[in-house]
Amino acid sequence: RRFRPRTQEAIAYAALAPAIVPALVIAIALAIFLDAVGMMLSLQTAAIGHVLIALPFVFLTMRARLESFDGSVLEAAWDLGASRSRAFRDITLPLVRPAILGAALISIALSLDEFVITSFTIGGDQTLPVLIWSKMRRGVDPSVNALATLILFGTLIAGMLSYRFSRLRL
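Reference entry: report on the structure contained in this document. All of these numbers come straight from a predicted model, not from anything done at the bench.

About the criteria used
Residues numbered from 1 in each chain as written. Predicted model: local features only at pLDDT ≥ 70, side-chain atom pairs only at ≥ 80, totals over all residues. Heavy atoms only, no water. Buried < 20%, exposed > 50% of the residue type's maximum accessible area, 1.4 Å probe, protein only. Helix = DSSP H or I, 4+ residues; strand = E, 2+ residues; numbered from the N terminus. Arc of directions from axis to C-beta. Axes fitted to C-alpha atoms, helices over the stretch in contact; angles between N-to-C directions. Parallel < 35°, antiparallel > 145°, perpendicular 65-115°, else oblique. Left-handed = near helix turned anticlockwise from the far one by under 90°. Contact = heavy atoms within 4.5 Å. Salt bridge = Lys/Arg side-chain N within 4 Å of Asp/Glu carboxyl O. Polar contact = N/O pair within 3.5 Å; in protein donor to acceptor, adjacent residues only side chain to side chain. Expected span 1.5 Å × (residues − 1). Bend = angle between axes of the 7 residues up to and from the residue.

**Here we look at helix α7 (residues 128-137)**
Consideration 1: Within α7, the full set of buried residues consists of Pro 129, Val 130 and Ile 132. For α7, the angular spread of the buried residues around the axis is 160°, confining them to a single face.
Consideration 2: Downstream of α7 by one or two residues, Gly 139 has phi in the positive range, about 125°.

**Brief notes about the packing of helix α4 (residues 71-79) against helix α5 (residues 84-113)**
Consideration 1: Running from amino to carboxyl end, α4 crosses α5 at an angle of 135°, the nearest separation of the two axes being 10 Å. One finds that α4 runs oblique with respect to α5. Crossing handedness for the pair α4 and α5: right-handed. Across the interface between the two elements, Val 73, Leu 74, Ala 77 and Trp 78 from α4 touch Arg 84, Ala 87, Ile 91 and Thr 92 from α5.

**Looking at the pattern of salt bridges**
Consideration 1: Enumeration over the complete set of coordinates arrives at three salt bridges.
Consideration 2: Salt-bridge contacts for Glu 67 lead to Arg 63; the nearest nitrogen and oxygen are separated by 3.3 Å. You can see Glu 67 and its partner Arg 63 sitting in helix α3 (residues 43-67), four residues apart, about one turn around the helix.
Consideration 3: A relative accessible area of 60% places Glu 67 in the exposed class.
Consideration 4: Between Arg 86 and Asp 90 there is a salt bridge whose closest N-O contact spans 2.3 Å. In this pair, Arg 86 and Asp 90 are both assigned in helix α5, four residues apart and thus about one turn of the helix distant.
Consideration 5: Residues participating in the shared-partner salt-bridge network are Arg 86, Arg 89 and Asp 90.

**A few points about the side chain of Ser 42**
Consideration 1: Position of Ser 42 relative to the elements: it lies in the loop between α2 (23-36) and α3.
Consideration 2: Residue Ser 42 is classed as buried on the basis of its relative accessible area of 15%.
Consideration 3: Polar side-chain contacts of Ser 42 include one of 2.8 Å to the side chain of Gln 44.
Consideration 4: Those residues in contact with Ser 42 that sit more than four places away from it in its chain are Thr 121, Ile 122, Gly 123 and Asp 125.

**Focus on the environment of Leu 161**
Consideration 1: Structurally, Leu 161 can be placed in helix α8 (residues 142-167).
Consideration 2: Counting along the chain gives 59 residues from Leu 161 to Gly 102, while the straight-line C-alpha distance between them is 7.1 Å.

**Points about α3**
Consideration 1: Here α3 contains 25 residues, and its C-alpha end-to-end distance of 35 Å stays within 8% of the 36 Å for a straight helix at 1.5 Å per residue.
Consideration 2: The largest bend along α3 reaches roughly 40° and is located at Ala 54, with the proline Pro 56 sitting one to four residues downstream.
Consideration 3: Listed in full, the buried residues belonging to α3 are Thr 45, Ala 46, Gly 49, His 50, Ile 53, Ala 54, Pro 56, Thr 61, Met 62 and Arg 65.

Okay, structure coming up:
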């Protein structure tokens, strides 16, 4: 059953909404929602927030790759006797793998950089950005500078790799 075009547009707008709404608004709304449903704040709830923030970027990356995907290649594989799982493994996955890797690297870079969502949804647990924040409140020491440098270079490398993988054509 196919979606109507308006339904597809609504799904696309819903997936892109976290990129438009400020992170502080999302963090507060997510914390209120998690409290309302009775979830204790933890690393799992912080992960939910990070997934919510990364979703629009993964959606855009994957959508760009899938728009250029030629479905006739899959039909040809099916006509030649390949099962659906074999066609996915041998044809679809290799064609979308660069976009998957690019989206994963973008998500990692965003997750390392996202402090607001983490601070509202982490509870008593601790992540690297929260650790850096707690160290900064007491004053700057060399370990904070070293961690910041590692995060900066890690984010830059992830961004460059993401760009490289998203541009890769097979």
